[in-house]
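# Per-entry structural report
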Amino acid sequence: MTGSPEGVPSGVSAGGVDPTDADAVESAAGAALDALAAAADLDALTAVVRAHTGDRSPLALANRAIGQLPGPSKAEAGKRVGGARRRVGVAAAERRAVLEAERDAAVLVTEALDLTQPTARRPRGARHPLGLLVEEVEDFFSGLGWGVLEGPEVEAEWFNFDALNFGPDHPARQMQDTFVVDPPQDGLVLRTHTSPAQARALLEHGAPLYVAVPGKVFRTDELDATHTPVFTQVEGLAVDEHLTMAHLRGVLDALAVAMFGAGTTTRLRPNFFPFTEPSAEMDVRCPVCAGTGLAPGEQAASGPATAVQDAVGTQVVAAAGEAAGAPCRTCGSTGWIEWGGCGMVNPHVLRAVGVDPERYTGFAFGMGIERTLMFRNGVGDMRDMVEGDPRFSRQFGAGV
Ligand code: PHE
């Protein structure tokens, strides 16, 4: 018996199968079951099912022919053909289940993704080290229980200068230091320091008060290795009863240890600021030479410089080519680096913002964040911090 591709025996599909011929019905059912078993995939199965169970299939035609049979043979033929069709239907469903399972298994294999395959990766970005350092400083002050505030970068001249006891002729007011916002008679400047936040914070919160205020400040400097017209300060302000310079020193030393590692200390040198009295320049002991004034390599391996590196967990890089015994380039062999200004809040400032200087005293300091990064992490050129080259930021890791 030759068959069509779907296995329908030739000669039976046109006229159908005689429903009273048990062999013919059995043979049609057998052909259907064989064809179902041979269907290799779901498409083939669909064709086989159509050929063997569709309207014009031998068994369907046989089923239809039952109607014309004389009464007595009807029931028997109906049972025979119906049974054959049921078997074919069950076999088709079973075959479909098998082929679908095979297809699903094959899809899992052919569509599997190799997640280890290299791709065209985009380099991950990294937070800028200045932002990370500011957060570190904020964490330090939060840990002391101080508040952290922000002030406006475009500032009223009154807050930037007048409230801070700058006389009308103070040289820092001159156009060459200060970016004045047009038109000048509006009295707005880009703040030249974070100290106006002292006056704002006291006006808003009164005394007692302990706050740190990080932020950008602006001065009309040219960008070079050690200057930038936009830089970052952190202002510290504490106003309370009985505060003295000793408290100032204690906070600065703790901050120096947090920034540069165990054993770091500060020193104060007399200076002048209109808004503090007395005023001082605060220096931090050079984290590269640990105050020895000598280039690294001269100190013992277990010396303070090593302790600094371990405690901070960052690398303090010595300038390349520094010979052992040569003067430390970071601090110019003085053993100290300038970190910012500080002092006891001038009573004029307290009075200007409504705080009674007979009852309260305070101390304040302004620390340079860029300088901290330079000395702590060996960044030799300020321009690296402002030019935005991601390779610079990535050296500090992808901190979040
Ligand atoms: N504002 C000063 C400066 O930018 C630093 C300073 C802050 C000094 C607080 C004293 C007290 O140079």
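The structure reproduced in this document is the subject of the present report. (Residues numbered from 1 in each chain as written. Predicted model: local features only at pLDDT ≥ 70, side-chain atom pairs only at ≥ 80, totals over all residues. Heavy atoms only, no water.)

## Observations concerning the sheet that holds strand 7 (residues 276–285)
The strand order across the open sheet built from seven strands is 1-4-5-9-8-7-6, with neighbouring strands paired in mixed fashion. Edge strands, defined here as strands with exactly one partner in the open sheet, are strand 1 (147–148) and strand 6 (266–273). In this sheet, strand 4 (residues 209–218) lies alongside strand 1 in parallel orientation, the contact comprising two bridges. What sits directly across from Gly-147, in strand 4, is Val-211. (Pairing = 2+ DSSP bridges. Helix = DSSP H or I, 4+ residues; strand = E, 2+ residues; numbered from the N terminus.)

## Details of unusual backbone geometry
Look at the link from Ala-207 to Pro-208: it is a cis peptide, with omega at 0°. Positive phi values are uncommon outside glycine, yet Asn-165 reaches one of about 70°. Position of Asn-165 among the secondary structure elements: in the loop between helix 6 (157–160) and strand 3 (188–190). The class for Asn-165 is partly exposed, based on a relative accessible area of 29%. In this model, Ala-290 sits at a positive phi of 55°, which is unusual for a non-glycine residue. Tracing the backbone through its elements, the reader meets Ala-290 in the loop between strand 7 and helix 9 (304–312). In this structure Ala-290 comes out as buried when scored by relative accessible area, which is 9%. (Buried < 20%, exposed > 50% of the residue type's maximum accessible area, 1.4 Å probe, protein only.)

## Topic: the side chain of Gln-233
Here Gln-233 is to be found in strand 5 (residues 230–240). Gln-233 sits in the buried class, given a relative accessible area of 10%. Here the side chain of Gln-233 touches Thr-194 through a polar contact of 2.9 Å, landing on its backbone nitrogen. What Gln-233 contacts, discounting residues up to four positions off in sequence, is His-193, Thr-194, Val-213, Pro-214, Gly-215, Val-217, Arg-219, Met-367 and Ile-369. (Polar contact = N/O pair within 3.5 Å; in protein donor to acceptor, adjacent residues only side chain to side chain. Contact = heavy atoms within 4.5 Å.)

## Observations regarding the site of the ligand
If you check the shell around the ligand, you find 14 residues, and the closest are His-193, Ser-195, Arg-219, Gln-233 and Gly-366. Within the side chain of Arg-219, a nitrogen or oxygen atom sits 2.9 Å from an oxygen atom of the ligand. Computed on the free molecule, the ligand has an accessible area of 330 Å², of which 91% lies beneath the protein chains in the complex. More than half of the atoms belonging to the ligand lie within 2 Å of the grid points that define the largest pocket. Looking at the shell around the ligand, the elements that each hand over two or more residues are strand 5, strand 8 (336–345) and strand 9 (361–368). A total of three residues in the shell around the ligand trace back to one element, the largest contributor, which is strand 9. Split into classes, the residues belonging to the shell around the ligand amount to five nonpolar, seven polar and two charged. (Near = heavy atom within 4 Å. Areas by Shrake-Rupley, 256 points an atom, 1.4 Å probe, with all protein chains shown as cover. 1 Å grid on protein atoms, 1.4 Å probe; cavity = no way out; pocket = protein on both sides within 12 Å on 5 of 7 lines; lining within 4 Å. Sits in = over half its atoms within 2 Å of the grid points. Nonpolar A, V, L, I, M, F, W, Y, C, P; charged D, E, K, R; others polar.)

## Some remarks on the layout of surface pockets
In this structure, the largest pocket encloses a volume near 860 Å³. Elements with a contribution of two residues or more to the lining of the largest pocket: strand 5, strand 6, strand 7, strand 8, strand 9 and helix 11 (369–377). It is strand 8 that contributes the most residues to the lining of the largest pocket, six residues altogether. Residues that form the lining of the largest pocket fall into these classes: 14 nonpolar, 15 polar and eight charged. (Points joined across faces, edges and corners; volume = space filled by probe spheres on them.)

## Some thoughts on the pairing of strand 8
Counting buried residues along strand 8, eight of its ten residues qualify, which places the element largely inside the surrounding structure. Pairing geometry for strand 7 and strand 8, over eight bridges, is antiparallel. From the neighbouring strand, Arg-285 faces strand 8, where its bridge partner is Trp-336. As judged from the five bridges shared by strand 8 and strand 9, these two strands associate in the antiparallel manner. Within strand 9, the position partnered with Met-344 by the bridge is Phe-363.

## Looking at the packing of helix 5 (residues 129–144) against helix 8 (residues 245–260)
Interhelical geometry of helix 5 versus helix 8 gives an angle of 135° and a closest axis separation of 11 Å. Considering their axes alone, helix 5 and helix 8 lie oblique with respect to each other. Relative to helix 8, the crossing made by helix 5 is right-handed. Where helix 5 approaches helix 8, its residues Leu-133, Glu-136, Val-137, Phe-140, Phe-141 and Leu-144 are matched on the opposing element by Val-251, Ala-254, Leu-255, Ala-258 and Met-259. Along the lines of polarity and charge, the residues of the contact of helix 5 with helix 8 split into ten nonpolar, no polar and one charged. (Axes fitted to C-alpha atoms, helices over the stretch in contact; angles between N-to-C directions. Parallel < 35°, antiparallel > 145°, perpendicular 65-115°, else oblique. Left-handed = near helix turned anticlockwise from the far one by under 90°.)

## A few points about helix 11
Counting buried positions over the nine residues of helix 11 gives eight, a clear majority of the element. By the burial criterion, the buried members of helix 11 are Ile-369, Glu-370, Thr-372, Leu-373, Met-374, Phe-375, Arg-376 and Asn-377. Of the residues flanking the end of helix 11, it is Gly-378, one or two places downstream, whose phi is positive at about 70°.

## Considering the pattern of salt bridges
If you walk through the whole model with that rule in mind, you get 15 salt bridges. Across the pair Glu-135 and Arg-127 runs a salt bridge whose closest N-O atoms are separated by 2.8 Å. A residue is classified by how much of its surface remains accessible, and Glu-135, at 32% relative accessible area, is partly exposed. For Arg-127, a relative accessible area of 30% puts it in the partly exposed group. Across the pair Asp-283 and Arg-267 runs a salt bridge whose closest N-O atoms are separated by 3.0 Å. One end of the pair, Asp-283, is in strand 7; the other, Arg-267, is in strand 6, with 16 residues separating them in the sequence. Given a relative accessible area of 2%, Asp-283 falls into the buried group. (Salt bridge = Lys/Arg side-chain N within 4 Å of Asp/Glu carboxyl O.)

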